[in-house]
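Letter by letter, the chains look like this.
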Amino acid sequence: MKSRRRNYEGCISVILHLVLILCPSVVMGQMHRYNPNFAISHRNFCDTIPIEVEDDQLYINVTMNGKSYRFNLDTGSSQGMVFTGSRIDSLKELGNIISRDANNQTDTVRVVQIPKFTLGSLSIDGYVASLLPSSAVRQKFDAIIGFDLFNRGICGKIDTENKWLILSDQKRIFKKEEENGYGIKYKLKWFVPYLYVSPFTLHTDEVLFDTGFNQLYTMNKDGFDKFENDPSFNVLHSSVKHQIEGRAHGQMSIGVFGAEDKDEVVFLHLDQLKWGKLSFTNVKAITTQGASKIGAPLLQYGALIINPFKKKLTLLPYNNQCNDTINVDNKQFSVAFIPVGKQTKVGLIWEKSEPYLAGMRQGDIVLRIDNRIINSFSDFIRFRFVKGEEHRFYLRDKNGLEKTVVCKIKE
């Protein structure tokens, strides 16, 4: 039996929408299998739980053994996740799994049971999590709670405008709201939700809805290639061609066990991205080696209802008079940094981005930022970039020559 889990490294947004791309992984259980049958203290309940929203990520405070902990809500993970070195103790060993990450590298991962914890007014007992190696990125949470929260038979409404999460085991609790929203059916694939959106006319794309991902939309490169090589593309060629902003080769995705191989990345500026009858217009996106994804930025535009009984996701736009259209106008991806041994390297850079125009190139090694020496990827991640200010990058290029690039952090 297969289950899907996330190789979570965290994400940064510093130089001109600089991001570290995160990819989920597929794992196959050896000694422990997917099981969402954890115990919940109440029946016939409806509970409103405060959430924190930071860099588009969703955080919930829980109580465990009299202590407070912070959980990240990640719909791209089938079950919970805990990292070694976490503050959570008394983890119960359940066995091992063989984990294959997004870059096709494998390793053995332990599976544990998290001690009983309180989420809002609910007590949850027997919750299962993968125990993964500590990441180079500083974690802003103690554990991840995955889509098994909803697969357990709990409906949810995520509202980032009011900063709350409503949970209920009542099947019809959100019926009236769902009727007035924009709903799409999903299917479970590796126990996480996949649905269909349309980035181009006459083309649909299967995407993972993943609140652990920090971009609105990314498209699988193989899927894009098939569309581009399809005979019907010739009919649409002119209308699609202008939506391609550029292409580059590089690396941007980092799994638990290493960075992805080099591949072509296509930079897209979509006229519209169709979510059922709702159109997101003016959407910047890129292609990736992993699955196509709709990420957490979706929640900037409306509250989302998750109905596991109907297997349906319904978006309720915060502006009730959106007229079936929401203008996104997001920033295009600019540059990705990846770890290479103990060094930090520019893995991918867009030729129209300001860092590129300032002189940064793929393959550059980061030696220093301002007055701080960067000896490791952890040093790079921990550097405190300041929005609105310029930072000076001291780099060494592929030929061993050193240079300085100055970039301003966008507000």
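Residues numbered from 1 in each chain as written. Predicted model: local features only at pLDDT ≥ 70, side-chain atom pairs only at ≥ 80, totals over all residues. Heavy atoms only, no water.

(A) Spotlight on the packing of aromatic side chains. All chains considered together, the criterion is met by 19 aromatic pairs. Note on Phe147 and Phe150: the rings are 5.4 Å apart at their centroids and 45° apart in plane angle, and the pair reads as tilted. Per residue, the accessibility class of Phe147 equals that of Phe150, and both read buried. Pairwise contacts between aromatic rings join Phe337, Phe377, Phe380, Phe383, Phe385 and Phe393 into one cluster. A cation sits over an aromatic face here: Lys189 above Tyr194, 5.2 Å from the ring centre. Lys293 extends its terminal NZ or CZ atom over the ring of Phe213, reaching a point 4.8 Å from the ring centre. (Phe/Tyr/Trp six-rings, centres within 6.5 Å; stacked < 30°, edge-to-face > 60°. Buried < 20%, exposed > 50% of the residue type's maximum accessible area, 1.4 Å probe, protein only. Lys NZ or Arg CZ within 6 Å of the ring centre and 35° of its normal.)

(B) Just the environment of Leu278, in detail. Relative to the assigned elements, Leu278 resides in strand β26 (residues 278–288). Taking relative accessible area as the criterion, Leu278 reaches 0% and is therefore assigned buried. (Helix = DSSP H or I, 4+ residues; strand = E, 2+ residues; numbered from the N terminus.)

(C) Expanded view of the pairing of strand β29 (residues 312–317). Across the six residues that make up β29, a large majority, five, are buried. The pairing of strand β17 (residues 182–185) with β29 spans four bridges and is classified as antiparallel. Across the sheet, residue Lys185 finds its bridge partner in β29, namely Lys312. Relative to β29, strand β28 (residues 302–307) runs antiparallel, the two sharing six bridges. By the bridge assignment for β29, Gly302 is matched with Pro317. If you look at the hairpin formed by β28 and β29, you'll find four residues sitting between the two strands, and Lys311 has a positive phi there, around 50°. (Pairing = 2+ DSSP bridges.)

(D) Summary view of the sheet that holds strand β16 (residues 164–168). Here six strands make up an open sheet; going across it, the order is β4-β16-β15-β28-β29-β17 and the pairing antiparallel. Here the strands that pair on one side only, and so sit at the sheet edges, are β4 (46–50) and β17. Between one strand axis and the next, the sheet turns by 15° as a mean value, whatever way the strands run. Pairing between β4 and β16: five bridges, direction antiparallel. When the sheet's bridge partners are listed, Thr48 is paired in β16 with Ile166. (Axes fitted to C-alpha atoms, helices over the stretch in contact; angles between N-to-C directions.)

(E) Region of the structure containing the environment of Leu167. Looking at where Leu167 falls in the secondary structure, it is placed in strand β16. We classify Leu167 as buried; its relative accessible area is 0%. Each C-alpha atom, one on Leu167 and one on Thr48, is 6.5 Å from the other, the two residues being 119 residues apart in sequence. Apart from the residues lying within four places of it in its own chain, the contact partners of Leu167 are Phe45, Cys46, Asp47, Ile49, Leu119, Leu149, Phe150, Ile154, Cys155 and Gly156. (Contact = heavy atoms within 4.5 Å.)

(F) Molecular detail of unusual backbone geometry. Within the chain, Trp190 stands out as a residue other than glycine whose phi angle is a positive 55°. Its place among the elements puts Trp190 in the loop between β18 (187–189) and β19 (192–200).

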